[in-house]
Amino acid sequence: MDIQNLAYAIAQIFHNFGAVTVVGGAVFALLWRATDVQCRLARLVLAGWLVQVMSGAAFGAISYYYYAKFPDIFGIAVVALVVKVVCAALGILLIAWQLLAQTSESSRRYSWIALCFMGVLALISAAVLRWFS
Ligand code: HEM
């Protein structure tokens, strides 16, 4: 078995489930308003964003381990990757703020809408990154 492919596949499994969690969790939170549910979803979505950062970094680390350099990506692919990283950073900040600051119901709702938007934008960027790299 090719260990390198196995490593990529494992990182991809985490990355795919992380993507489902950040987008699905935010959509559920918009539909399901009970405070205890919102709180659990916020923790789940925070974990999802952290998994995205770690598994995203793992793709780079695996390439570096095997080729002693990061993948050559240019132009649109770089923009797509930067968009994903910015979405992840904002997503983590926003959900951490929601958890720590005991926000009102209306600001929580706006923050879930923003989190949905960032998840969807990151998914769109993933497709662009995939096919322009
Ligand atoms: C720090 C943040 C992130 C980094 C560094 C990162 C990095 C990467 C890398 C290197 C790939 C492989 C690209 C390829 O196959 O050419 C990838 C794939 C992917 N990423 Fe991310 N990512 C991040 C965040 C996200 C987020 C937030 C989402 C979704 C909400 C996401 C969804 C995906 C998906 C669905 C793929 C598979 C695309 C495909 O093969 O068609 N990523 N990511």
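A short tour of the structure in this document, coming up. (Residues numbered from 1 in each chain as written. Predicted model: local features only at pLDDT ≥ 70, side-chain atom pairs only at ≥ 80, totals over all residues.)

Things to note about helix 1 (residues 3-31)
Part 1 of the reasoning: With 29 residues, helix 1 extends 42 Å between its outermost C-alpha atoms, agreeing within 8% with the 42 Å of an ideal straight helix rising 1.5 Å per residue.
Part 2 of the reasoning: Contact partners of the buried residues in helix 1: helix 2 (35-67), helix 3 (76-100) and helix 4 (105-131). (Helix = DSSP H or I, 4+ residues; strand = E, 2+ residues; numbered from the N terminus. Expected span 1.5 Å × (residues − 1). Contact = placed C-beta atoms within 7 Å.)

What about the site of the ligand?
Part 1 of the reasoning: Around the ligand sit 21 residues, and of these A19, G56, F59, A122 and A126 come closest.
Part 2 of the reasoning: Every element with two or more residues in the shell around the ligand is listed here: helix 1, helix 2, helix 3 and helix 4.
Part 3 of the reasoning: No other element matches helix 4, which puts six residues into the shell around the ligand. (Near = placed C-beta within 6 Å.)

So, the nonpolar core
Part 1 of the reasoning: In terms of nonpolar packing, the biggest core is built from 16 residues, with A26, A42, V45, L46, W49, I95 and L115 touching the most fellow members.
Part 2 of the reasoning: At the level of secondary structure, the elements contributing two or more residues to this core comprise helix 1, helix 2, helix 3 and helix 4. (Core = buried A, V, L, I, M, F, W, Y, C linked by C-beta atoms within 7 Å. Buried ≥ 20, exposed ≤ 12 C-beta atoms within 10 Å, placed from the backbone.)

Concerning the environment of Y64
Part 1 of the reasoning: By the element assignment, Y64 lies in helix 2.
Part 2 of the reasoning: A tally of 12 C-beta atoms within 10 Å means that Y64 is categorised as exposed.
Part 3 of the reasoning: Residues contacting Y64, with those up to four places away along its chain left out, are K69 and F70.

Details of the environment of A42
Part 1 of the reasoning: Relative to the helices and strands, A42 resides in helix 2.
Part 2 of the reasoning: Of the residues examined, A42 has 23 C-beta atoms within 10 Å and is grouped as buried.
Part 3 of the reasoning: The sequence separation of A42 and W112 amounts to 70 residues, and the corresponding C-alpha distance is 9.1 Å.
Part 4 of the reasoning: If sequence neighbours within four positions are ignored, A42 has contacts with I95, Q98 and L99.

A word on the packing of helix 1 against helix 4
Part 1 of the reasoning: At a closest axis distance of 9 Å, the pairing of helix 1 and helix 4 adopts a crossing angle of 150°. Taken together, the axis directions place helix 1 and helix 4 in an arrangement best described as roughly antiparallel. Seen along the crossing, helix 1 lies across helix 4 with a hand that is left-handed. Seen from helix 1, the contacting residues are A19, V22, V23, A26, V27, A29 and L30; seen from helix 4, they are W112, I113, L115, C116, G119, V120 and L123. (Axes fitted to C-alpha atoms, helices over the stretch in contact; angles between N-to-C directions. Parallel < 35°, antiparallel > 145°, perpendicular 65-115°, else oblique. Left-handed = near helix turned anticlockwise from the far one by under 90°.)

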